[in-house]
Amino acid sequence: MQQTKQRLLTGNKALAEAIRLEMERDPNVFVMGEDVGVYGGIFGATEGLFQKFGPERVIDTPISETAFIGAAIGAAAEGMRPIVELMFVDFFGVCMDQIYNHMAKIPYMSGGRVKLPMVLMTAVGGGYSDAAQHSQTLYATFAHLPGMKVVAPSTPYDLKGMMISAIRDDNPVVFMFHKTLQGLGWMDQLDASIGHVPEEAYTVPLGKANIVREGTDITIVGIQMTVHQALEAAKRLEQQGIQAEVIDLRSLVPLDKETIIQSVKKTHRLLVVDEDYLSYGMTAEIAAIAAEHCLYDLEAPVKRIAVPDVPIPYSRPLEQFVLPNADKIFREAIQLVNE
Amino acid sequence: MQQTKQRLLTGNKALAEAIRLEMERDPNVFVMGEDVGVYGGIFGATEGLFQKFGPERVIDTPISETAFIGAAIGAAAEGMRPIVELMFVDFFGVCMDQIYNHMAKIPYMSGGRVKLPMVLMTAVGGGYSDAAQHSQTLYATFAHLPGMKVVAPSTPYDLKGMMISAIRDDNPVVFMFHKTLQGLGWMDQLDASIGHVPEEAYTVPLGKANIVREGTDITIVGIQMTVHQALEAAKRLEQQGIQAEVIDLRSLVPLDKETIIQSVKKTHRLLVVDEDYLSYGMTAEIAAIAAEHCLYDLEAPVKRIAVPDVPIPYSRPLEQFVLPNADKIFREAIQLVNE
Amino acid sequence: MAISKDHLLWMYETMYKIRCYEDKMAEAYAEGKSPVFNIGAGPVPGEMHLATGQEPAAAGMCVHLKKEDTVTAPHRPHHHAIAKGVDLNRMTAEIFGKATGLGKGKGGHMHLFDPDVKFSCGGIVGAGIPHALGAALAAKKRGTDWVAVAFIGEGAANQGAFHESLNMAALWKLPLIVVIENNQYGISVPKTASTAVPSNDVRAAAYGIKGYYVKDNDPIDMYNVSKEAVERARTGQGPSIIEIETYRYLGHFQGDPEVYRDKNEVTLLRQKDPIIRLRNYLLNECGVTEETIAQLENKATFEVDQAYAFARESDYPKPEEALEDVFV
Amino acid sequence: MAISKDHLLWMYETMYKIRCYEDKMAEAYAEGKSPVFNIGAGPVPGEMHLATGQEPAAAGMCVHLKKEDTVTAPHRPHHHAIAKGVDLNRMTAEIFGKATGLGKGKGGHMHLFDPDVKFSCGGIVGAGIPHALGAALAAKKRGTDWVAVAFIGEGAANQGAFHESLNMAALWKLPLIVVIENNQYGISVPKTASTAVPSNDVRAAAYGIKGYYVKDNDPIDMYNVSKEAVERARTGQGPSIIEIETYRYLGHFQGDPEVYRDKNEVTLLRQKDPIIRLRNYLLNECGVTEETIAQLENKATFEVDQAYAFARESDYPKPEEALEDVFV
Ligand SMILES: Cc1ncc(C[n+]2csc(CCOP(=O)(O)OP(=O)(O)O)c2C)c(N)n1
Ligand SMILES: Cc1ncc(C[n+]2csc(CCOP(=O)(O)OP(=O)(O)O)c2C)c(N)n1
Ligand SMILES: [Mg+2]
Ligand SMILES: [Mg+2]
């Protein structure tokens, strides 16, 4: 037991630490967004930064997402390295033009001459009855549109390491953190939202999936919350003698196809789990990759679990019904292995 | 030859006729958007309507998409049946909140008590060097988000029939028309942009795919422009002794899975072609459906052709390189059949 | 301007009812959330934005409205809903996530829709303004004298939808009124840190329309100003902006640590509570008796109690019902 | 205000160059598009928005700018690009879709980026304002005296981005200037049908900032007003709005049927052409000789010819290059 060597941080503190380290390292880095200052970010991603760096580098904005995200683009074009927070990903609709037509396309349209080293960070996820306009993940909405890296880490360790990579990346990065994995005192307490985080700066590459559990009988691909659900299901599957391999995608763009393909070639069965909407989503992309690249290896149809194309309902029994969970994964996996 | 019985209309005239008929039929129908009045819509979708119905029912708006699309929602909630035009689908980013968080979710969030019988019509497609912010189709961007029907007809006949269905539908419908299939005098002239259109009002159901060519050797699924490319490729494939079945999806939401599944069960091979971006797009969804529902019927890996995850470049050779076309389809199909 | 006593009594009853409703909601929301606060726990989960202290805006405006007039409200919608006459039972049931709720439990506290009285609200800052614009457009198209009122917070006045909607309303002379409740904060950000002008009524100049400012949460002034704006709208004189200086006694949402403001601030504000002020005005200036007041208060309390009882006694929807109502 | 003669000469040369550039572009654009006009055909395909007639806005503002100042332009960007000193060869090559273009052919006419002189533009109405806001923020953060200018059309002043950006600029006293070229139309929609106020300078009141109005496309007035606004911005006095009444001689884009305006309108406008007016002013009020003017004109013509030659002679990018530059 090396427990004493563990430095345990919640997701939000890991994130804030990453930003702090990079702000100390590079004066061009600054943070902008609603309630990122004194409040420390609604989901704690900027906790303590205002106190350390002051209002010049940790800037509260008006509720004007188009203007301040667009301003981050303008500042990035001038060589600054802004981190902007879109409080909930659900709000993307008021400012998507800046994100997808400008942030994501200017580097390309300029033939690579304009770099936009910026991070758009945003909170995703439901499960706490915040209803249809505050519970979405929208992974595929961003990942479908070219020109931005889109990452969604699931552990404190990755949150820190991938945030540092994102800040240092010369490309625009959409950095999604999952509310429930921030380890906030006022939400569900999950073991997964606390983890070992080294004190120093380190990077975790953007675009590499992580095999978080090895197995031989079925590949379960998840991202953020669904990774943890898949791990729980995998434990129960093991009791049934089924060895599930669990892949944490971590990054939607770039997508680590190779890791998925290799795993499917090994296990011959694929279950994809997503907290985003089912159709035209991440589960479709992963299933398509399997159908393109490992069709002959598949011994059973691909299965997908995701929100069944309904807005996220408010009432607890309704919301729980549409969200993925370990039970659903367990059941589908059993079926799939018995096919 | 029954040519004399044919009443040939271009896509744009078919669309405008559908709207005219419904405006005559129902005083609650009106049109709102930029340059939909005297100008008749940049892509001719409202040609002649202003002259017929005047400024009270064919309303030019300021360049304020959030306000006027939101206003259509407000008017629809009051029982009107607005048709709003978003001039290019590429502009969705300035008003997506109204579209996806309100138009698409209010019926659900109200438990079905608020109906929003409105049509959001918008022009899609590239191929004429209009570059990264004016050439997109974004099919999956809309289809991924629940609560709106999303249709994209490919012939004058369907444009009229599906527009009438859309206007009469009590649900919000995103109606995409392809610029090049409007048959406008100032764009590429395609045979497919002119076709027989009956004079009277008729409906074509939303949510039914159309097998536009029967075949036994391979299923090619396309939508709008890529259907016509697929048909051209199919002709050339026939000369090689290959019978391609071509499916015109017509509707992304609801999606007619059954027609696709039946076809793949018959042909055992699937090629999906899309003018939208490749990843997390329509091609992924169709491929995933095959991997879920007809894995054992597939005799070769699924293939996809789409824009390879780059913004649409301006320069002709670059743009032509990234867009799908009959050649690419032909080549991929040949390969697939020979697998 | 002549003030109708009936109107003032209605306002008092409504403000009292709102206060009562929000107090009870604060309690209900706290259930199941102690000893450890967990936003997703208890009979009323999720975010909860209460309007305690902000009653004058809702009551002072809605007293002039009829059923056919439209109201759109933001994420903090209970006071507007109550003042507009939303079915209190079904509204409460909705907030409790019950099948009898306005939206069968699908909407929740930020998404209340009652088409019978043309009320709606939503969780996206500024997004309700265009909806009210559309209602105003429909009213004009149909030749009615109906008006549409969009309630927003002062933070929302910096969202693009505000500008776009007011320009269009002014251009087309539509019966739209935007009521800005300046409760001094957008979550933690004080107005001085979000808004370049001291008050948003001056922004009327950008659209060539009327701008009104109501100081210090004054119910009577809100009444008068709203009366004028509604009359103008009804008679084809176009849109207006009303900004009212108001006060949010509670956190932005329940559970807000309120690190951004002095704990004393609210204590001072409560000393000039608008409900007490209106009560005194009724007693002292309008010859209303304590009995009448007590009757109104009892009626309000009863209705509220009744609504909470209805909500609590109602059933949850069946899980599979989540799949219904995406399309009609 | 003292006007520098050198400045006026620079303005004249620049306006002349712009006119010359746009005339040649109209020709180049027409190539391959007759007898049947096809938007996708010829050496310059796609949409083409020319600025003939709108030269004063660009020249009168940019004469006060230095290389380190930022300019963002809209879908009609050539005049701003030329006035800001964008590399004319590479700009033209970009519009011809060539590998030597500013964006290696990936951007095109609406998407010109020249970081060397801090110029950018884009095809989405209003979207450049936030970018200029960000440049202004960066300038302030770095303690420079650099300014940022966003050029937009009058139609764009009704887009939410306008409002949001100006509020933020005013709030933080940033060196942002928004120049509104009121060319009377947004495509087919006249200003009276899009904008609730007669001129957008009055919208400065909504942000507590300076608003200026320049009448009748006057280059000298534009010069003076811009000078003041730039000085204010450089010295920390915050943002301004300048609206200039200007005229679009050509269609919204080339090929525009212009069904929405009288064919005579432009004939009349051309009679008071600002280039001729400035020329006369230089000759009559500033003692400039015809020779000097001719020299400037020749220089401008030469540069323009040279740029078109460069563009035509350059190679197209290789098709596969389409896959590059998505990420750096
Ligand atoms: C477009 C958008 N941005 C941000 C938010 C998050 N948010 C919810 S309420 C709020 C503050 C609103 O302030 P104000 O308009 O003053 O209303 P108040 O809460 O004070 O009643 C914010 C930023 C949101 N819901 N929508
Ligand atoms: C957000 C958005 N909406 C609509 C358009 C289509 N559009 C391009 S230019 C234009 C008119 C712009 O008018 P104005 O701002 O006055 O500029 P002008 O063309 O007159 O120079 C419109 C509606 C667009 N490009 N972006
Ligand atoms: Mg507020
Ligand atoms: Mg204009």
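Given the structure is predicted, the values throughout are model-derived calculations rather than measurements.

**Focus: the domain arrangement of chain A**
Residues and elements named next belong to chain A.
Part 1 of the reasoning: Under the domain assignment, chain A is made up of domain 1 (8–196) and domain 2 (210–338).
Part 2 of the reasoning: Averaged C-alpha coordinates put domain 1 and domain 2 at centres separated by 26 Å.
Part 3 of the reasoning: Contact residues are listed per partner, giving 32 residues for domain 1 and 27 residues for domain 2.
Part 4 of the reasoning: Approximately 2,200 Å² of surface area, both sides summed, lies buried where domain 1 meets domain 2, with 56% of it carried by carbon and sulfur atoms.

**Some details on the interface of chain D and chain B**
Part 1 of the reasoning: Each partner contributes residues to the interface: chain D has 48 residues there, and chain B has 38 residues.
Part 2 of the reasoning: Taking both sides of the interface into account, the surface hidden between chain D and chain B amounts to around 3,200 Å²; carbon and sulfur atoms contribute 63%.
Part 3 of the reasoning: Looking at the side of chain D facing chain B, the largest losses of area belong to I39, I124 and Q159 of chain D, adding up to 15% of the total buried there.
Part 4 of the reasoning: On inspection of chain D and its partner chain B, the count reaches zero salt bridges.
Part 5 of the reasoning: At the surface where chain D touches chain B, the tally comes to 16 residue pairs in polar contact (both at pLDDT 80 or more).

**Side note on helix α9 (residues 257–267) of chain A**
Part 1 of the reasoning: Listed in full, the buried residues belonging to α9 of chain A are T259, I260, I261, S263, V264 and T267 of chain A.
Part 2 of the reasoning: Where α9 of chain A is buried, its residues touch β9 (210–213), β10 (218–222), β11 (244–248), β13 (270–277) and α10 (282–293) of chain A.

**Some remarks on the coordination of the magnesium ion (ligand 3)**
Part 1 of the reasoning: The magnesium ion (ligand 3) binds to the protein through E154 of chain C (OE), N183 of chain C (OD1) and Y185 of chain C (O); the donor distances cover 2.0 to 2.1 Å.
Part 2 of the reasoning: N183 of chain C sits in the buried class, given a relative accessible area of 6%.

**A word on the sheet that holds β10 of chain A**
All names here are of chain A.
Part 1 of the reasoning: If you trace the five strands from one edge of the open sheet to the other, you get β9-β11-β10-β13-β14, paired in mixed fashion. Two strands lie at the open edges of the sheet, namely β9 and β14 (303–307), each paired on one side alone. Across this sheet, the average inter-strand angle for adjacent strands is 25°, counted without regard to direction.
Part 2 of the reasoning: Against the sheet, α9 makes contact with β9, β10, β11 and β13, and its axis sits at roughly 175° relative to β11, the strand it touches most.
Part 3 of the reasoning: Against the sheet, helix α12 (residues 326–337) engages β10, β13 and β14, with an angle of about 150° to β13.

**Description of the relation of the copies chain A and chain B**
Part 1 of the reasoning: The two copies are related by a screw operation: chain A maps onto chain B through 180° of rotation and 0.0 Å of translation along the axis, at an RMSD of 0.0 Å. The superposition operator between the copies reduces to a two-fold rotation axis.
Part 2 of the reasoning: Take the interface residues of chain A: 100% of them recur as interface residues in chain B, which is what a same-surface contact looks like.

**So, the site of ligand 2**
Part 1 of the reasoning: Residues in close proximity to ligand 2 total 20 residues, the closest being E65 of chain B together with H75, R76, N183 and Y185 of chain D.
Part 2 of the reasoning: At ligand 2, the nearby residues belong to more than one chain, namely chains B and D.
Part 3 of the reasoning: The side chain of E65 of chain B places a nitrogen or oxygen atom 2.5 Å from a nitrogen atom of ligand 2.
Part 4 of the reasoning: Contacts to ligand 2 include Y185 of chain D, whose backbone N or O atom sits 2.8 Å from an oxygen atom.

**What about the coordination of the magnesium ion (ligand 4)?**
In ideal tetrahedral geometry, four donors around a metal make angles of 109.5 degrees, whereas ideal octahedral geometry with six donors gives angles of 90 or 180 degrees.
Part 1 of the reasoning: Coordination sphere of the magnesium ion (ligand 4), protein contribution only: E154 of chain D (OE), N183 of chain D (OD1) and Y185 of chain D (O), at 2.0 to 2.1 Å.
Part 2 of the reasoning: Mapped onto the polypeptide sequence, the residues donating to the magnesium ion (ligand 4) form the spacing pattern E-x28-N-x1-Y.

**Some details on the UniProt feature "domain: Dehydrogenase E1 component" (unreviewed entry) in chain C**
Part 1 of the reasoning: Sites flagged by UniProt as "domain: Dehydrogenase E1 component" (unreviewed entry) map to residues 46–320 of chain C.
Part 2 of the reasoning: Helix makes up 40% of residues 46–320 of chain C and strand 13%. Its end C-alpha atoms lie 21 Å apart.

**Points about the packing of aromatic side chains**
Aromatic rings in a pair are described by how distant their centres are and how their planes are angled relative to each other.
Part 1 of the reasoning: What the rule picks out here adds up to 24 aromatic pairs over all chains.
Part 2 of the reasoning: Here F92 of chain A and Y100 of chain B contribute two aromatic rings whose centre-to-centre distance is 4.7 Å and whose plane-to-plane angle is 50°, an arrangement assigned as tilted. One end of the pair, F92 of chain A, is in the loop between β4 (81–88) and α4 (96–103); the other, Y100 of chain B, is in helix α4 (residues 96–103), on a second chain. Y100 of chain B matches F92 of chain A in its accessibility class, with the two residues each being buried.
Part 3 of the reasoning: An angle of 80° between the planes, with centres 6.0 Å apart, marks the rings of F96 of chain D and Y308 of chain D as edge-to-face. You can see F96 of chain D sitting in the loop between α4 (88–95) and β2 (113–114) and its partner Y308 of chain D sitting in helix α10 (residues 290–313), a full 212 residues away along the chain.
Part 4 of the reasoning: What links up through ring pairs into an aromatic cluster is the set F43, F88, F91 and W186 of chain A.
Part 5 of the reasoning: The ring centre of F327 of chain C lies 5.7 Å from the NZ or CZ of K149 of chain B, which sits over that ring.
Part 6 of the reasoning: The ring centre of F30 of chain B lies 4.6 Å from the NZ or CZ of K141 of chain C, which sits over that ring.

**With respect to the interface of chain A and chain B**
Part 1 of the reasoning: On the side of chain B, 54 residues touch chain A, which itself brings 54 residues to the contact.
Part 2 of the reasoning: Carbon and sulfur atoms supply 61% of the area buried between chain A and chain B, which totals about 4,600 Å² over both sides.
Part 3 of the reasoning: Here chain A and chain B share four salt bridges between them.
Part 4 of the reasoning: Counting every contact that joins chain A to chain B gives 36 residue pairs in polar contact (both at pLDDT 80 or more).
Part 5 of the reasoning: Of all the secondary structure elements, the ones that give two or more residues to the side of chain A that touches chain B are α4, α5 (106–109), α6 (139–143), β12 (251–253), β13 and α10 of chain A.
Part 6 of the reasoning: Looking at the side of chain A that touches chain B element by element, the count peaks at eight residues for α10 of chain A.
Part 7 of the reasoning: Here the residues of the side of chain A that touches chain B sort into 35 nonpolar, nine polar and ten charged.

Parameters and conventions
Residues numbered from 1 in each chain as written. Chains lettered and ligands numbered in written order. Predicted model: local features only at pLDDT ≥ 70, side-chain atom pairs only at ≥ 80, totals over all residues. Heavy atoms only, no water. Domains from an automatic or database assignment. Contact = heavy atoms within 4.5 Å. Buried area = accessible area lost by both parts, 1.4 Å probe. Salt bridge = Lys/Arg side-chain N within 4 Å of Asp/Glu carboxyl O. Polar contact = N/O pair within 3.5 Å; in protein donor to acceptor, adjacent residues only side chain to side chain. Buried < 20%, exposed > 50% of the residue type's maximum accessible area, 1.4 Å probe, protein only. Helix = DSSP H or I, 4+ residues; strand = E, 2+ residues; numbered from the N terminus. Donors = N, O, S within 2.8 Å, 3.2 Å for Na, K, Ca; no water. Pairing = 2+ DSSP bridges. Axes fitted to C-alpha atoms, helices over the stretch in contact; angles between N-to-C directions. Least-squares fit on C-alpha atoms with pLDDT ≥ 70 in both. Near = heavy atom within 4 Å. UniProt positions renumbered as here; feature names shortened; annotations may be inferred. Phe/Tyr/Trp six-rings, centres within 6.5 Å; stacked < 30°, edge-to-face > 60°. Lys NZ or Arg CZ within 6 Å of the ring centre and 35° of its normal. Nonpolar A, V, L, I, M, F, W, Y, C, P; charged D, E, K, R; others polar.

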